[in-house]
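Residue-level listing of the chains:
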Amino acid sequence: MEQRAVLVTGGCGFIGSHFVRYLLRERSWRVVNLDKLTYAADLARLSDVTSDPRYQFVRGDVTDAELVGELFRRERPWAVINFAAESHVDRSILDPAPFLETNVRGVYTLLEAARRHQVERFLQVSTDEVYGDVEGLPPRVEEDPLQPSSPYAASKASADLLCLAYRRTYGLPTLIARSSNNYGPYQHPEKLIPLAIRNLLKGDAVPVYGDGRQVRDWLFVEDNCRALLEVLERGRVGGVYNVATGVRTSNLELLRRICMVLAEELAADPNSFLSRMEFVRDRPGHDRAYAVSVERIRNELGWRPSVDLQEGLRRTVRWFIGNRAWLERTADDSYRAYYEAVYVQQWGMP
């Protein structure tokens, strides 16, 4: 009997690579990973599974309709899990164009292929940022209106709406998972947690936007992978599911915790880290708070996070301490140019 195949797009990215590894460990399916290998992707994230006969990597762009169509014809995936996306808010402010290309046109291309080849499940991996700033408001539920603030969030909201439209118009079995801020090993250093860890390890200052009191829900990446597989297999077709811990933390508190964990792991004085916080000009349109209700995924699928923030930060800090070479290799020339534009020139637009 032929093994069932799943198509994972963007599987060399941060969350996608963790999901590919989790899928190969938990299921007997073949996993086809389609990834363009942009700056934030890295084949090294999956070096431990390349010898698995169930795993296949295909380099390509999700906007390439011919390639995508051929992949569907050849591999006949029963399910698609779309991680392929430009994902960093700051970069979307500097240049929105790649976000519209990958996050909107790419999703359209995948939906069309999935419709023609009658896939059984199409899971769009989205974000809680599509709801916009919820400061002073109750946690957002899945039926709340989408009010994205950044070009990134707007592109992800557009993708969500396309998926919902393809469900209603064509009957395509789509699902959407809107996850809160993920963190963990192998995350690109443009993101807040690895950026802070890298700068502290190097003895540099850690830039803090505005007053640092922006509030986020931090979700350990492995917990998100568990949730995504639950949604893929058991979610209601056409359903939308928020994925988060329900615990919200300010950026200042998050950075304080990172400093304390780093000091403990390195047997250092925590004040030597805490003193390196440097407040910088806030980014344009910065949302003050994200908060989503997780009642649906808890009640319908029984999912709950298993790693709290303290334990997740400890695992993450230990990984980056032990993998400094990867961290420095990832912080390449393009990263340094981005860092210069955002934190040194303080939103100097190219």
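Use the structure listed above.
Residues numbered from 1 in each chain as written. Predicted model: local features only at pLDDT ≥ 70, side-chain atom pairs only at ≥ 80, totals over all residues. Heavy atoms only, no water.

> Help me understand the sheet that holds strand β9 (residues 215-220) in this model?
Strands in a sheet are paired, the pairing made by backbone hydrogen bonds, and the direction either parallel or antiparallel. A sheet is described by the order of its strands in space; here three strands give the open sequence β7-β9-β11, paired in mixed fashion. At either margin of the open sheet sits one strand with a lone partner, and together these are β7 (181-183) and β11 (248-250). Shown here is a sheet whose adjacent strand axes are inclined to one another by a mean of 50°, direction ignored. Where β7 and β9 come together, three bridges link them in parallel fashion. Looking at β9, one finds that Asn 182 is bridged to Leu 219. Where helix α7 (residues 221-234) meets the sheet, it contacts β7 and β9, and its direction lies at approximately 75° from that of β9. (Pairing = 2+ DSSP bridges. Helix = DSSP H or I, 4+ residues; strand = E, 2+ residues; numbered from the N terminus. Axes fitted to C-alpha atoms, helices over the stretch in contact; angles between N-to-C directions. Contact = heavy atoms within 4.5 Å.)

> When you look at the sheet that holds strand β1 (residues 5-9) in this model, what are you seeing that I'm missing?
Spatially, β3-β2-β1-β4-β5-β6-β10 is the arrangement adopted by the seven strands of the open sheet, whose pairing is parallel. The open sheet has two free edges, formed respectively by β3 (55-59) and β10 (240-243), since each of these has just one partner strand. In this sheet, adjacent strand axes meet at a mean angle of 20° when their direction is disregarded. As paired elements, β1 and strand β4 (residues 79-82) share four bridges and run parallel to each other. Bridge pairing in β4 links Val 8 to Ile 81. Each of β1, β2 (30-35), β3 and β4 is contacted by helix α2 (residues 65-75), which is oriented at about 175° to β2, the strand it contacts most. Relative to strand β5 (residues 121-127), helix α5 (residues 151-170) is tilted by about 155°, and along the sheet it contacts β5, β6 (174-179) and β10.

> What is the right way to look at the nonpolar core in this model?
One broad rule of soluble globular proteins: the nonpolar side chains tend to lie buried together. Core analysis: the biggest nonpolar cluster contains 40 residues, and Val 6, Val 8, Phe 19, Ile 81 and Ile 297 have the highest contact counts within it. Going through the elements one at a time, β1, α1 (14-26), β4, β5, β6, α7, β10 and α10 (295-301) are the ones with two or more residues in this core. Ile 297 has contacts with Ala 227, Val 231, Tyr 241, Asn 242, Val 243, Gly 302 and Trp 303, leaving out every residue within four places of it along the chain. Counting residues in hydrophobic clusters, the runner-up holds 28 residues, among them Ile 197, Cys 259, Val 307 and Phe 320. (Core = buried A, V, L, I, M, F, W, Y, C linked by side-chain atoms within 4.5 Å. Buried < 20%, exposed > 50% of the residue type's maximum accessible area, 1.4 Å probe, protein only.)

> Hey, could you run me through the pairing of strand β8 (residues 206-209) in this one?
On a regular strand, one side chain projects to one face of the sheet and the next to the other, so that they alternate. Burial of the side chains of β8 extends over both faces: Val 206 and Val 208 are buried on one face and Pro 207 and Tyr 209 on the other. Inspection of the sheet shows β8 paired to strand β12 (residues 277-280) by four bridges, in the parallel sense. Looking at β12, one finds that Pro 207 is bridged to Glu 278.

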